[in-house]
Amino acid sequence: MAGLSKLFLNRPDVAVKTYIVVPAEEADSLLDDLVRRSILEPLPAGEAKREVEKLEARLEIASRTEKLVQELSSRLKSAVEVEVKELPWDLDEGLMKLHNELQETMRIVRALEEELSRLEGTLEKLVALRMLLAKAVEARSTSIILDYEGSLVAVKTLYGPAEDLKKLEEKSLETLMKVEAQPGKLIIQVVFERKIYDELRDEISRFEVGLKATGTRDPGELLALVERQVGDLSRRVEEIREKISSVVASKAYEIASAKILAEEVLSKIGILREARESKYLTVIAGWTLRSKLPEVEKIVRGRKGVLIAEEAPDPPVEFNNLKPFKPFELFTEIMGYPSPHEWDPTPLLTYLYLVFFSLMFPDVGYAIGLIIGSRLVLPYFVENKETLSKLIKIATYAGITGIITGVLSGSFFGSLLGQYISAYIPPVLPSLPPRLAALGDIGRAILSYIGLALMVGYFMVLFAHAVGLYKNIVFKNKVGVGSEAIIITLMIFAPPAIKTVFGFNVDVLGLLKLLPGDVCVKTALSLLVVYAVFRSLVDRPFGALLWIFDVLGVMADTLSFVRIAGIAIGSAIMAELLNGVIVNTTSALAGASIVAFVVGFVMAITLHIVNLGLSSISPFVHSLRLIMYEVSSKFYEGSGRRIMPAGVKARVVKIGAPVK
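Residues numbered from 1 in each chain as written. Predicted model: local features only at pLDDT ≥ 70, side-chain atom pairs only at ≥ 80, totals over all residues. Heavy atoms only, no water.

**Some thoughts on the overall build of the protein**
Applicable threshold: The helix count covers DSSP runs of H or I at least four residues long, the strand count covers runs of E at least two residues long, and both are numbered beginning at the N terminus. Burial here depends on accessible area, computed with a 1.4 Å probe over protein chains only, as a share of the maximum for the residue type. Under 20% is buried, over 50% is exposed, and the range in between is partly exposed. A contact between two residues is defined here by any heavy atoms of the two lying within 4.5 Å. Only the protein chains shown count as cover for residues, and the accessible areas themselves come from Shrake-Rupley with a 1.4 Å probe.
A count of helices and strands for the protein gives 22 helices and nine strands. Put simply, the protein has 660 residues, and 43% of those count as buried. The contacts of the protein with a sequence gap of at least 6 include a subset with a gap of at least 24, amounting to 78%. For the protein, the accessible surface area stands at approximately 36,000 Å², while carbon and sulfur atoms represent 61% of it.

Following this line, the structure appears as C-alpha cells:
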C-alpha cells in the first residue's frame, strides 16, 4: 500500500528532532559539513540547551548490536523462545563480546546469502532455458544452436529484462526463438553479424545463459541436460537456505542475550544529559528529515559523535514524491506544504493537470511545438535553473499528453496535417470541420466539446468530494464525513431531478433508468433540507447561510470546467482560420507547384508558431486553476511548514578581463 500511495496521495517526508553530541574539537567541522549538505535545520542555541540531555558513548555499540539482533532474527524461519538465565555483570564488556560474535555470524550469513543469490541467478537462467528448449521440442525441431561464434555470424542464447533484450534484438540479424520466461523477462535465441557481435560482446555476455553447448545439438538431449542441472542447483539452493537457517538458529541464545543487553544499555543512557555540563562535548540540535537520518548518522559517526532522533509535535516536512512527479511539486507549493498528518496530493494533481491540459491542447503539431519551444523560450524568462528544469519537464509531459489527445481528435496543426491522421484513426474527441467549411458541423463540435467538458467537470468534482470523504473517514472527522456524504449523494440525485423538473438532459449517471423521476426529485429536495439543517447545527451561527454557498459551489465548480471547451475550441478555430489562409494562398500559386509548396510551408510554420504562442499559456493557467480550486480545495489544506535546512551552494564567479 505504501508503494501505491506514492502513485496517488503520497505522504510527505516528515522531519524528526535530532540531537548530536560531538567532541568540541569536531563541532565546527561537523556543522560545516551538515550545512554544506543542507540536511539539518539547526535549533537556536538557547532552545537546544533546554532540550538536550547527555548521550553516553556506548549508545553507538548498543545501537549496532540491536541492529545485528534484528537482522539475524529476521533470518530465522520461525519465532524462537529463548530463556536467558544469566547476564554478565559487566554489561559493556558483555555487549561488546556479543556484538563481535554476532558480527562474525552475520559475516558468515552474508557470505552464504551472496552464494545463494549467485546460485538463484544461475537457476533462474536455467529454468528459462528449459522453457526455450521445451518450446523447441514441442515444435519438433531436430536441432538447435545455443552458442556459436563463426567468422560471419554469431548465435547466442540470452536471458534478461525484456527492455534490454529488445535493444539487442534491434541490432541482431534475426531472432530465432523468443519465450517470455516470467513477467518482464525474456529468453531469446538471436543471430548477430560477427562485426556487430564483437562490438557488443561485453554487453551480450551479461545476458548469456551460461550453458556452453556449442554447435548443433538435439533439443531433447539438451533439455534432459538442463533438467538435471536444474535439479542439482535446486537441491544446492535448498541446502544453502537450510544452512543459513541453521547458522542463525545455533546463535539463538547469543541473539537473545544481546537483545536484552542492548535494551538494558539504551534504557540506562541519560540521553544528552551530561553534554550541557561537559567542556569536552558540544551538542547540536535541530530538525532532520527521516530520509536523511542515515546520512546524518554516518557523518556524525565519522566525527566520533553520537546521534539520537525522536518524534516531536508539529515537525516541518519536505516533499517525498517519485521522480516523474517532482516537477509538479511547484503546483502544490502554490497551495502550501502538506502538514505532517496530511496527504501530499502532487501525484494525483499531476494526472489531473495533464488530463485538463491535454483536453485544452488537443493538437499533435502544437504539442510538439510546446515541447521544443519550452526548451528554447523559457530560459529567457526563468533564471532559476531548478525552476526552469521543472517547467520544461512539465511542458514536456503536457506536450506528450497533448499529442495523445491530438491523435484522438485528428488534429495536427488543425486539419492541415490532421486530415491524414483522421484517414486512419477516426476522431474520438469532437473536432472542427476542415477550414470551418461546414457551419452545421462547427456548431455540433462546439456543443459536443462543451458537453464533454461539463461531463469531465461533474465527475472531477464528484471525485474530489469522494477523496474528501475518504480523508475525513481516515482522520475520523465525523462532521466532515457527514458533510461530504450528503454533498456526494446530492450530486448523484440532483442531475436526474433537474432533468425531471426542467427537461435538461443532465442525467449523466442514467439514474432515471432505475428510479422514477419524482423519487429523484423528492430525494434531492430532502437532501437539501438535511444539509441545510446539518450545516446550521454544526456551523452556528453562519451555517444557516453557508449551506447555500456549498450547494451553489458544486454547480459553479462543475460549470467552471466549460473553460476546457472554450480554450480548446478557440485555439482550434484560430488554427482552421490560419489553414484557410494557407490553402487559399497555395491555391493561388497552383501553377508553380514548388513555389506554392515553399510559400505554404513557410506560412504554415510562421502562422502556427504565432498561434502556438497565443494558445499555449491559457491551458497552463486554467489547468492550474482547475486543480487548485475545483479539485484539491475539497480535500487539501496545505497547512504544513517546509523544513529549512541551513545550506551553502557553491557558485562559479568569473573575475577579471579575458586575456587577448
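Additional details are given in the paragraphs that follow.
**Some remarks on the packing of aromatic side chains**
Threshold: Within 6.5 Å between ring centres, the rings of Phe, Tyr and Trp (the latter by its six-membered ring) count as paired, and their orientation is classed by plane angle as stacked under 30 degrees, edge-to-face over 60, tilted in between. Charge over a ring is defined by NZ of Lys or CZ of Arg lying within 6 Å of the ring centre and within 35 degrees of the ring normal.
Overall, the coordinates contain 21 aromatic pairs when judged by the stated rule. Each ring, one from Phe325 and one from Tyr351, has its centre 5.6 Å from the other, and the planes form 85 degrees; the classification is edge-to-face. Highlighted residues: Phe325 in the loop between strand 9 (317–318) and helix 11 (329–335) and Tyr351 in helix 12 (residues 346–360), separated in sequence by 26 residues. Using a relative accessible area of 7% as the deciding quantity, one classes Phe325 as buried. The interplanar angle of 40 degrees and the centroid separation of 6.4 Å between the aromatic rings of Phe361 and Tyr366 together place this pair among those described as tilted. Of the two residues, Phe361 and Tyr366, neither departs from the other in class, the shared state being buried. Each member of the aromatic cluster is reached from another via a ring pair, and the members are Phe328, Phe331, Tyr353, Phe357, Phe361, Tyr366, Tyr397, Phe412, Phe413 and Phe620. The aromatic ring of Trp287 is capped on one face by Lys17, whose charged end is 4.8 Å from the ring centroid.

**Comments concerning the sheet that holds strand 6 (residues 185–193)**
Strands pair in a sheet through their backbones, by hydrogen bonds, and they do so in one of two ways: parallel or antiparallel. Note the following rule: Two strands pair if DSSP finds at least two bridges between them. Axis angles are defined between N-to-C directions and span 0 to 180 degrees, where every axis is a line fitted to C-alpha atoms and, for a helix, only to the segment in contact.
A sheet is described by the order of its strands in space; here four strands give the open sequence 3-4-6-5, paired in antiparallel fashion. Each edge of the open sheet carries a strand with a single partner, namely strand 3 (147–149) and strand 5 (174–182). The average angle at which neighbouring strand axes cross in this sheet is 25 degrees, direction not considered. Here strand 4 (residues 153–161) runs beside strand 6; their pairing, made up of nine bridges, is antiparallel. Opposite Leu158, over in strand 6, you have Ile188 as the bridge partner.

**Points about helix 6 (residues 162–171)**
Counted only if it meets this: Think of it as the arc spanned by the lines of direction from the helix axis to the C-beta atoms.
When we look at burial in helix 6, the residues that qualify are Ala162, Leu165, Leu168 and Glu169. Seen end-on, helix 6 carries its buried residues on one side only, within an arc spanning 125 degrees. Turned more than 90 degrees away from the buried face of helix 6 sit Glu163 and Glu170, all of them exposed. Its buried side turned inward, helix 6 meets strand 4, strand 5, strand 6 and helix 7 (194–205).

**Overview of the nonpolar core**
The criterion, for reference: In these notes, a set of buried Ala, Val, Leu, Ile, Met, Phe, Trp, Tyr and Cys residues joined through side-chain atoms within 4.5 Å is what counts as a nonpolar core.
Ranked by internal contacts, the top residues of the largest apolar core, which has 67 residues, are Phe331, Tyr353, Phe356, Tyr449, Phe561, Ile564 and Ile627. Looking at this core, the element that brings in the most residues is helix 16 (residues 439–474), giving ten residues. Filtering out sequence-adjacent residues up to four positions away, Tyr353 remains in contact with Phe328, Phe331, Ile394, Phe620, Ser623, Leu624 and Ile627. Ranked by size, the runner-up nonpolar core spans 44 residues in total, among them Ala62, Ala136, Leu222 and Val248.

**Some words on helix 16**
What counts, and what does not: Expected span of a helix, by definition, is 1.5 Å for each gap between consecutive residues, and there is one gap fewer than residues.
Along its 36 residues, helix 16 runs 52 Å from first to last C-alpha, staying within 8% of the 52 Å computed at 1.5 Å per residue. At the exit of helix 16 stands Lys476, carrying a positive phi of roughly 55 degrees.

**Examining the side chain of Ser409**
Stated precisely, the cut-off is as follows: Residues adjacent in sequence count toward polar contacts only when both atoms are side-chain atoms; beyond that, a polar contact is any pair of N or O atoms within 3.5 Å, and within protein one must be able to donate a hydrogen and the other to accept it.
Here Ser409 lies in helix 14 (residues 385–409). Ser409 sits in the buried class, given a relative accessible area of 4%. In this structure the side chain of Ser409 is engaged in a polar contact, spanning 3.2 Å, whose partner is the backbone oxygen of Pro362. Leave out the neighbours within four places in its chain, and Ser409 touches Pro362, Pro427, Leu429, Pro430 and Ser431.

**So, the environment of Asp147**
Counting through the fold element by element, Asp147 comes out in strand 3. Through-space distance from the C-alpha of Asp147 to that of Gln189 is 9.0 Å; in sequence the pair is 42 residues apart. In this structure the side chain of Asp147 is engaged in a polar contact, spanning 2.7 Å, whose partner is the side chain of Lys156.

**Brief notes about the pairing of strand 1 (residues 13–23)**
In terms of burial, strand 1 is a largely internal element, eleven of the eleven residues being buried. Bridge count between strand 1 and strand 9: two bridges; the pairing is antiparallel. Paired with Asp13 across the two strands is Glu318, which belongs to strand 9. One ladder, built from five bridges, connects strand 1 with strand 8 (residues 306–310); its direction is antiparallel. Residue pairing for strand 8: Tyr19 is matched across the bridge by Ile308.

**Quick word on the packing of helix 17 (residues 478–502) against helix 18 (residues 517–538)**
Selection criterion: Angle categories are assigned with fixed cut-offs, so that under 35 degrees is roughly parallel, over 145 is roughly antiparallel, 65 to 115 is roughly perpendicular, and the rest are oblique. Here a crossing is taken to be left-handed if its near helix is turned anticlockwise relative to the far helix by less than a right angle, and right-handed if that turn runs clockwise. In this count, Pro and Cys sit with the nonpolar residues alongside Ala, Val, Leu, Ile, Met, Phe, Trp and Tyr, while Asp, Glu, Lys and Arg are called charged and the others, Gly among them, polar.
Contact geometry for helix 17 and helix 18: axes closest at 8 Å, N-to-C directions at 150 degrees. When the axes of helix 17 and helix 18 are compared, the pair comes out roughly antiparallel. In this structure, the crossing between helix 17 and helix 18 has a hand that is left-handed. In the contact of helix 17 with helix 18, the residues fall into 18 nonpolar, six polar and no charged.

**Considerations on the packing of helix 13 (residues 364–377) against helix 14**
Across the interface, helix 13 lies against helix 14 with an axial gap of 7 Å and an inter-helix angle of 170 degrees. Overall, the two elements helix 13 and helix 14 adopt an arrangement that is roughly antiparallel. Of helix 14, the residues touching helix 13 (which contributes Val364, Ala367, Ile368, Leu370, Ile371, Ser374 and Arg375) are Ile392, Ala395, Thr396, Ala398, Gly399, Ile400, Gly402, Ile403, Gly406 and Val407. Counted by class, the contact of helix 13 with helix 14 contains eleven nonpolar, five polar and one charged residues.

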